[in-house]
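Structural overview for review
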Amino acid sequence: MFQNIRYALQRFMYGRNGADTLSWALIILGAVLCLVSSLTSSSLLYVVGYLPLMVALFRMYSRNLEKRHAENAKFCGFFTHLKDRQNRYFSCPNCAQTVRVPRGKGKINIRCPKCGRQFVKKT
Ligand SMILES: [Zn+2]
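Residues numbered from 1 in each chain as written. Predicted model: local features only at pLDDT ≥ 70, side-chain atom pairs only at ≥ 80, totals over all residues. Heavy atoms only, no water.

1. Overview of the overall build of the protein chain
Tallying secondary structure elements over the protein chain gives four helices and four strands in all. When the helices and strands of the protein chain are read in sequence order from the N terminus, they spell out α-α-α-α-β-β-β-β. Taking 14 Å as the expected radius of gyration for a compact globule of 123 residues, we find that the protein chain reaches 21 Å, considerably beyond that expectation. Principal-axis analysis of the C-alpha atoms gives the protein chain an extent of 60 × 40 × 25 Å. When the 123 residues of the protein chain are sorted by exposure, 24% land in the buried category. Contacts in the protein chain between residues at least 24 apart in sequence constitute 39% of all its contacts with a sequence separation of at least 6. (Helix = DSSP H or I, 4+ residues; strand = E, 2+ residues; numbered from the N terminus. Rg over C-alpha atoms; globule rule 2.2 N^0.38 Å. Buried < 20%, exposed > 50% of the residue type's maximum accessible area, 1.4 Å probe, protein only. Contact = heavy atoms within 4.5 Å.)

This is the structure in structure tokens:
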């Protein structure tokens, strides 16, 4: 009985994105907003709290895997950039490639590894 439900669920989720890091973050954000809204009895916050939950559901059932993976990678990358205190991240003005350079070196000349364009940034 439970096996059948599991197989059916697996078949249903096949080819879909499923729960990735960004979806989980949205679910937690939505849950926190709903919790806060119930504490403050704010109906606006309650409605707003459902938005991230609906986006998370949409992402989990989405079949556009390429786009969802790109979104998730961007989201995870954003947090590794925040945590990284040793390096700074710049995007190339020519091709938008992200370039990592060591922090605290003053003004340096950065050469994009992808397109070779050079640009000066303060680290
Ligand atoms: Zn470039």
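2. A short note on helix α4 (residues 65-83)
Between the first and last C-alpha of α4 there are 27 Å, a value that for 19 residues agrees with the 27 Å anticipated at 1.5 Å per step. Every buried residue of α4 is listed here: R68, N72 and G77. At its buried positions, α4 is contacted by α2 (21-40) and α3 (43-61). (Expected span 1.5 Å × (residues − 1).)

3. Concerning the domain arrangement of the protein chain
If you check the domain split of the protein chain, you get domain 1 (1-83) and domain 2 (85-123). Here the C-alpha centroids of domain 1 and domain 2 sit 33 Å apart. (Domains from an automatic or database assignment.)

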